[in-house]
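Geometric and topological summary
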Amino acid sequence: MAKDLSDIAGLPAELGIDDDLARADARLRIRLENRRYGKPVTIVEGFDDTDLDALASELKGALGTGGTTTDGTIELQGDHVDRVPALLHERGFTVDG
């Protein structure tokens, strides 16, 4: 029995079709929280099977901000609600309104 889609499709696993489909299926949500002293934090949640540390690093570099990963979410320092959806779309993710 086939273990993943690349076995079924007959494509080499190096193409990463399973990773692309996992990204397309994930429905991400972005929200803003105010933390201590009124500091805004942008939170991205809804990831299934993604290397969050690598993605968080890419987002932090693109936005020029700090952040972390916690319990399957990415937390970015500052209000980036307007910019994060476009960055995630570029990386193949779907963001819910």
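Residues numbered from 1 in each chain as written. Predicted model: local features only at pLDDT ≥ 70, side-chain atom pairs only at ≥ 80, totals over all residues. Heavy atoms only, no water.

Thoughts on the overall build of the protein
Helix and strand counts for the protein come out as four helices and five strands. Sequence-ordered secondary structure for the protein, helices as α and strands as β, is α-α-β-β-α-β-β-α-β. By the burial criterion, 30% of the 97 residues in the protein qualify as buried. Within the protein, contacts between residues separated by at least 24 positions form 46% of all contacts whose residues are at least 6 apart in sequence. For the protein, the accessible area works out to roughly 6,200 Å², and carbon and sulfur atoms hold 47% of it. (Helix = DSSP H or I, 4+ residues; strand = E, 2+ residues; numbered from the N terminus. Buried < 20%, exposed > 50% of the residue type's maximum accessible area, 1.4 Å probe, protein only. Contact = heavy atoms within 4.5 Å. Areas by Shrake-Rupley, 256 points an atom, 1.4 Å probe, with all protein chains shown as cover.)

Re the packing of aromatic side chains
By the definition in use, this model includes one aromatic pair. Ring centres 5.8 Å apart and planes at 85° place the aromatic pair Phe 47 and Phe 93 in the edge-to-face group. Here Phe 93 lies in the loop between α4 (84-90) and β5 (94-95) and Phe 47 lies in the loop between β2 (40-45) and α3 (52-63), a separation of 46 residues in the sequence. Phe 93 carries the same exposure label as Phe 47, and that label is buried. (Phe/Tyr/Trp six-rings, centres within 6.5 Å; stacked < 30°, edge-to-face > 60°.)

Remarks on α3
Under the 1.5 Å per step criterion, the end-to-end length of α3 is 16 Å for 12 residues, consistent within 8% with the ideal 16 Å. Buried-residue contacts for α3 involve β3 (67-70), β4 (73-77) and α4. At the exit of α3 stands Gly 64, carrying a positive phi of roughly 65°. (Expected span 1.5 Å × (residues − 1).)

Topic: the nonpolar core
Of all hydrophobic cores here, the largest spans 17 residues; its most connected members are Val 44, Phe 47, Ile 74 and Leu 88. Among the elements of the structure, β1 (27-34), α3, β4 and α4 are those that each provide at least two residues to this core. Take this core: its biggest share by element is five residues, from α3. Look past the residues within four positions of Leu 88 in its chain and what remains in contact with it is Leu 28, Ile 30, Val 44, Leu 55, Leu 59, Phe 93 and Val 95. (Core = buried A, V, L, I, M, F, W, Y, C linked by side-chain atoms within 4.5 Å.)

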